[in-house]
Amino acid sequence: MIRYSFAPRSLLLAGAFFGAFTLGAAAQQPAAPPASGAAPAAAPALPPGSPLIGRPDNEAAAKLAPVAPPPIPASSDKLPLAKLKVPAGFNVEVYAAGMANARSMALGDKGTVFVGSRLVDKVYAIVNKDGKRSVKVLASGLYRPNGVAFKDGTLYIAELSQISKIDKVEDILDNPPKPTVIYDKLPKDEAHGWKFIAIGPDNKLYVPVGQPGNNVLHDADHGQIRRINLDGSGAEVYALGVRNSVGFDWNPETRQMYFTDNGRDWLSETVPEDELNRVTKAGEDFGAPFCYQGNIIDQELGWGKSCKDYTPPVGLMGPHTASLGMRFYTGSQFPKSYKNAIFVARHGSWNKTQKQGGDVAVVKLNKDGTVKSVEPFLTGFLQDNKYVGRPVDVMLLKDGSLLVSDDWNGAVYRVSYGKPKVADK
Amino acid sequence: MRYLALAILTFAPVALSANAETIQERAAPCFACHGEHGTSETENTPSLGGQQAPYALIQLFMFREKLRTFEPMNEMAKPLTDDDLRTFSDFIATLPKPAPPADAGDPARMARGQALAQQNRCNTCHNTDFSGKENVPRIANQREDYLAKTLAEYKDNSRHGYDATMADVMQTVNKGQIADLAYYIARVR
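- Chain B goes by Cytochrome C in an unreviewed UniProt entry, where it is assigned to Bradyrhizobium macuxiense.
- Under the UniProt heading Subcellular location (unreviewed entry), the note attached to chain B is "Periplasm".

Below, the structure is given as structure tokens:
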């Protein structure tokens, strides 16, 4: 049997960096470095992608494993709407249902909402026509088509290892062609292989390539965010040291990219926290798998490394919370305090005895783009330590209301502010 | 091809099933391949008894949506509604779990298999007695040939899991190890 030993030295280090770091993110809920118990050592013989890498050998840890959603989408009347909570003055309603494993979202110019999926093979279109809303399957037979983005009439779809597009998609919703592949120079790893995509202010498509496992060394094709031209040419690496980003957007004032990144599993119940990062220049390194949350040197891979060699996160999003899709709030429907705040969908933890996340958080920023506060915004998906839904992505509609996708139930909700005004049915 | 013929023979009763039919009657065609009471005696065909209902539901869903490809099952599942899928998966879970084979197995192979199961931490998701939990299947006393075939298919990603877990877990498990794992799990007591 492998014995795991407590590692006081690296904890002290982590603590020292932590003190300095919290000054910069004062309103964060600082999580203590690993407080007690076994620190995982390398677990030999597990494959690189295994979610069990680093799992300490104890009974509580053995109970934790990734949580899979039910395969069949819930019907509208079975959705947990009554359990969902928003701050006073906000309303939440069902926008569309019946889309198995609804994941990332993109908005078309004509109001169509495109929704990707990860565990099924479909991209859906929520079509608004003559005041009526309906769900169509836009494409099927795709492999883990998690990511969608829209620009100038064209829908871009990210599968596990290729990017494709459908031109003038909103004109041909009733008879869409098969997507045309524009870029396929991507690894085929299952672990962290599914993709969120978005188009930046530079008109380039940003494509993350996760690290192929929980906590692994990897080649130069992984652990990064790339950007490519919209025809698939000119690929370049934009950010490094990215473990698994499943959400990003650009600050409307500074045009800097912010992205969420999921921290490693099994380090402890309370750390590392997921990161909210800001890219100030192309080529920055955000530390994974050597440094997590800006102040924890990895106990296996971090020897000889220092966190000060990497860009620290601007915000911490909670341990194992699976912070995924995020967007800046550029609408005008919500109160002024939400202007240019970031909404982040936290899918919720599996690698934690008391589950955490399973909500939409709102991150408010200081003038200089640093984080002022992180607060829960839409909650109730986690009941008695079980999920009744799991948010994946957030997206603004033109009227300033916010859509939230839920892959557990295969549904999209709409959050609005003010007198309950139901979106066109 | 033999399975296909069987499936076509038995397909009609499922497709035409009237609502009045009980689940036992509707499930009768399943047993043609999956064995009486859900303990399979057909090569490469799994026993269903005692299977976790959420796992069975996911598989039936994947067969219907052709996310998991096996033509006879794709055909069988094609006409099923969401409620049908739930009814069948709940029923499957109530069938008696398969019994371990009478022979205890070669001690050396059993020891090798047990060591591999520990090393790869099969118990984390499949439970310490391999009875499975929720979306993770019961594998204890499953048919050895089906276990070996499935592990090999996960390894080369020709069987896509609902999520990516098994594809990743199998990356470093080699052919010989697959044989030992299947041998052990089929006989585990």
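**Some remarks on the overall build of chain A**
- Each helix and strand counted, chain A has two helices and 29 strands in total.
- A burial count over chain A gives 63% of its 425 residues as buried.
- Nonlocal contacts in chain A, meaning residues at least 24 apart in sequence, comprise 58% of its contacts between residues at least 6 apart.
- Accessible area of chain A: about 16,300 Å², with a carbon and sulfur share of 53%.

**Considering the state of the cysteines**
- Enumeration over the complete set of coordinates arrives at one disulfide over all chains.
- The partner cysteine of C291 of chain A in its disulfide is C307 of chain A, sulfur to sulfur 2.1 Å. Between C291 of chain A and C307 of chain A the sulfur-sulfur dihedral comes to about 105°; the bridge is accordingly right-handed. With C291 of chain A in strand β18 (residues 291-292) and C307 of chain A in the loop between β19 (296-297) and β20 (315-319), the pair connects residues that are 16 residues apart, well separated along the chain.
- In this structure C33 of chain B is a free cysteine whose sulfur lies 9.0 Å from that of C30 of chain B, the closest cysteine sulfur available.
- Lacking any disulfide linkage, C125 of chain B is separated from the closest cysteine sulfur, that of C122 of chain B, by 9.3 Å.
- Given a relative accessible area of 14%, C125 of chain B falls into the buried group.

**Focus: the side chain of N74 of chain B**
All names here are of chain B.
- Mapped onto the elements, N74 comes out in helix α4 (residues 71-77).
- Looking at N74, the relative accessible area reads 4%, which means it is buried.
- The contacts of N74, once residues within four sequence positions are left out, are F63, K66, R68 and T69.

**A word on helix α5 (residues 82-94) of chain B**
Residue and element names in this part refer to chain B.
- The end-to-end C-alpha separation of α5 is 19 Å, in line with the 18 Å expected for 13 residues at 1.5 Å each.
- Of all the residues in α5, the buried ones are D84, L85, F88, S89, F91 and I92. Buried residues of α5, seen end-on, are gathered within an arc of 160° and therefore sit on one face of the element. Structural note: α5 exposes D83 and T94 on the side pointing more than 90 degrees away from its buried face.
- On the buried face of α5, the contacting elements are α2 (23-34) and α3 (53-64).

**Here's the deal with the layout of surface pockets**
- Empty space within the second largest pocket amounts to approximately 1,000 Å³.
- Together, 37 residues line the second largest pocket, and V67, A68, K386 and W408 of chain A together with E134 of chain B are the ones closest to its centre.
- When residues of the lining of the second largest pocket are assigned to their parent elements, the largest contribution, four residues, is made by α3 of chain B.
- In terms of residue class, the lining of the second largest pocket is built from 23 nonpolar, five polar and nine charged.
- Counting residues domain by domain, the lining of the second largest pocket receives three or more from each of domain 1 (25-94) and domain 2 (107-186) of chain B.

**Some details on the nonpolar core**
- Counting 38 residues, the largest nonpolar core has V113 and V115 of chain A as the members making the most contacts within it.
- Of all the secondary structure elements, the ones that give two or more residues to this core are β1 (90-96), β2 (102-107), β3 (113-117) and β4 (123-129) of chain A together with α2, α3, α4 and α5 of chain B.
- Tallying contributions element by element places α3 of chain B first for this core, with seven residues.
- For V113 of chain A, the contacting residues outside a window of four places in its chain are Y95, M105, A106, L107, Y124, A125, I126, M395, L397 and L403 of chain A.
- Y329, A341, L378 and Y413 of chain A belong to the second largest nonpolar core, which has 24 residues in total.

**Digging into empty space enclosed by the protein**
Residue and element names in this part refer to chain A.
- Enumeration over the complete set of coordinates arrives at three cavities of 30 Å³ or more.
- Quantified by volume, the largest cavity comes out at close to 650 Å³.
- Taken together, 38 residues line the largest cavity, and the ones lying closest to its centre are P66, R118, H192, W194 and W350.
- Partitioned by chemical class, the residues of the lining of the largest cavity number 14 nonpolar, 15 polar and nine charged.

**Here we look at the confidence of the model for chain A**
- On average, residues of chain A carry a pLDDT of 89, and 86% of them reach 70 or more.
- Between residues 1-44 of chain A, whose pLDDT stays under 50, and residues either more than four places distant or in other chains, the model counts 66 contacts.

What counts, and where the lines are drawn
- Residues numbered from 1 in each chain as written.
- Chains lettered and ligands numbered in written order.
- Predicted model: local features only at pLDDT ≥ 70, side-chain atom pairs only at ≥ 80, totals over all residues.
- Heavy atoms only, no water.
- UniProt positions renumbered as here; feature names shortened; annotations may be inferred.
- Helix = DSSP H or I, 4+ residues; strand = E, 2+ residues; numbered from the N terminus.
- Buried < 20%, exposed > 50% of the residue type's maximum accessible area, 1.4 Å probe, protein only.
- Contact = heavy atoms within 4.5 Å.
- Areas by Shrake-Rupley, 256 points an atom, 1.4 Å probe, with all protein chains shown as cover.
- Disulfide = S-S within 2.5 Å.
- Expected span 1.5 Å × (residues − 1).
- Arc of directions from axis to C-beta.
- 1 Å grid on protein atoms, 1.4 Å probe; cavity = no way out; pocket = protein on both sides within 12 Å on 5 of 7 lines; lining within 4 Å.
- Points joined across faces, edges and corners; volume = space filled by probe spheres on them.
- Nonpolar A, V, L, I, M, F, W, Y, C, P; charged D, E, K, R; others polar.
- Domains from an automatic or database assignment.
- Core = buried A, V, L, I, M, F, W, Y, C linked by side-chain atoms within 4.5 Å.
- pLDDT = per-residue confidence, 0-100.

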